[in-house]
Amino acid sequence: AKENVGLKYRKIHPSPKPPALMRDIIKFFTKADGKILDPFCGVGGTLLGASLAGGDRVAVGIELEQKYIDAYKKVCEKEKIEEKTIIHDDSMNMMSHPEIANETFDLILADPPYSDMMGKKRTGQRKKLYNDDSATPYTDKDVDLGNMEEEDFYKALREIMQLSFNRLKKHGYMVVFCKDFQPEPGNPHLLHADIINEL
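Residues numbered from 1 in each chain as written. Predicted model: local features only at pLDDT ≥ 70, side-chain atom pairs only at ≥ 80, totals over all residues. Heavy atoms only, no water.

What to know about the overall build of the protein
Within the protein, the secondary structure is distributed over eight helices and five strands. Reading the protein from its N end, one meets helices and strands in the order α-α-β-α-β-α-β-α-β-α-α-β-α. Within the protein, buried positions represent 46% of all 199 residues. The long-range share in the protein, meaning contacts at least 24 apart out of those at least 6 apart in sequence, stands at 68%. With the model as given, the accessible surface of the protein reaches about 10,500 Å², and the carbon-plus-sulfur share is 49%. (Helix = DSSP H or I, 4+ residues; strand = E, 2+ residues; numbered from the N terminus. Buried < 20%, exposed > 50% of the residue type's maximum accessible area, 1.4 Å probe, protein only. Contact = heavy atoms within 4.5 Å. Areas by Shrake-Rupley, 256 points an atom, 1.4 Å probe, with all protein chains shown as cover.)

Brief notes about the side chain of serine 91
For serine 91, the location among the structural elements is in the loop between strand 3 (85-88) and helix 5 (98-101). Among the polar contacts made by the side chain of serine 91, one reaches the main-chain carbonyl oxygen of proline 39 at a distance of 2.3 Å. (Polar contact = N/O pair within 3.5 Å; in protein donor to acceptor, adjacent residues only side chain to side chain.)

Some remarks on the pattern of salt bridges
Counting across every chain of the model gives seven salt bridges. Salt-bridge contacts for lysine 17 lead to aspartate 111; the nearest nitrogen and oxygen are separated by 2.6 Å. Placement of the pair is lysine 17 in the loop between helix 1 (7-10) and helix 2 (19-29) and aspartate 111 in the loop between strand 4 (105-110) and helix 6 (124-130), with a sequence separation of 94 residues. Using a relative accessible area of 15% as the deciding quantity, one classes lysine 17 as buried. The class of aspartate 111 is buried, set by a relative accessible area of 18%. (Salt bridge = Lys/Arg side-chain N within 4 Å of Asp/Glu carboxyl O.)

Let's talk about the state of the cysteines
Summed over all chains, the structure comprises zero disulfides. Free cysteine: cysteine 76, not disulfide-bonded; nearest cysteine sulfur from cysteine 41 at 9.9 Å. With a relative accessible area of 3%, cysteine 76 lands in the buried category. (Disulfide = S-S within 2.5 Å.)

Structure representation (structure tokens):
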């Protein structure tokens, strides 16, 4: 099984999702002809998962950074995997793309770039995998949620998820990945609770 297909190309991204995990989530929440939208596509874990899930699933992703799109396309080429639709743009502009504006989706699958998340030192498994303990931002762009202050991050995340939600079919599903920060005295850093409250 291609559990983490194309990782050698995809690990240029600070947080690549395992395509096998995305495949399992997609199979659980959609039928064979389902449509999936990923507003923070990165190196295409969701799109690869949709291809691995089989059926006639349609998947559309948006990504701000061209080098991540290139990495996804390289994996598809090298592994002979069907390439899904990936749009190079800021997710705030998703409604200007007919592939999204004219469609409704069965599943929104999102792993947002968490504000200041990559500003923390890498430890343990991540350090071993990437041979590097420095913090790596997702991009150098101001519109990247991963570069925003907390308050701006929540506002932008809410807007993008609202746009995505508006493309969701009735009785569709939205799955949002979340990782909590290490707790500190006086702050449990329950990011997932903040995200739930915000959305």
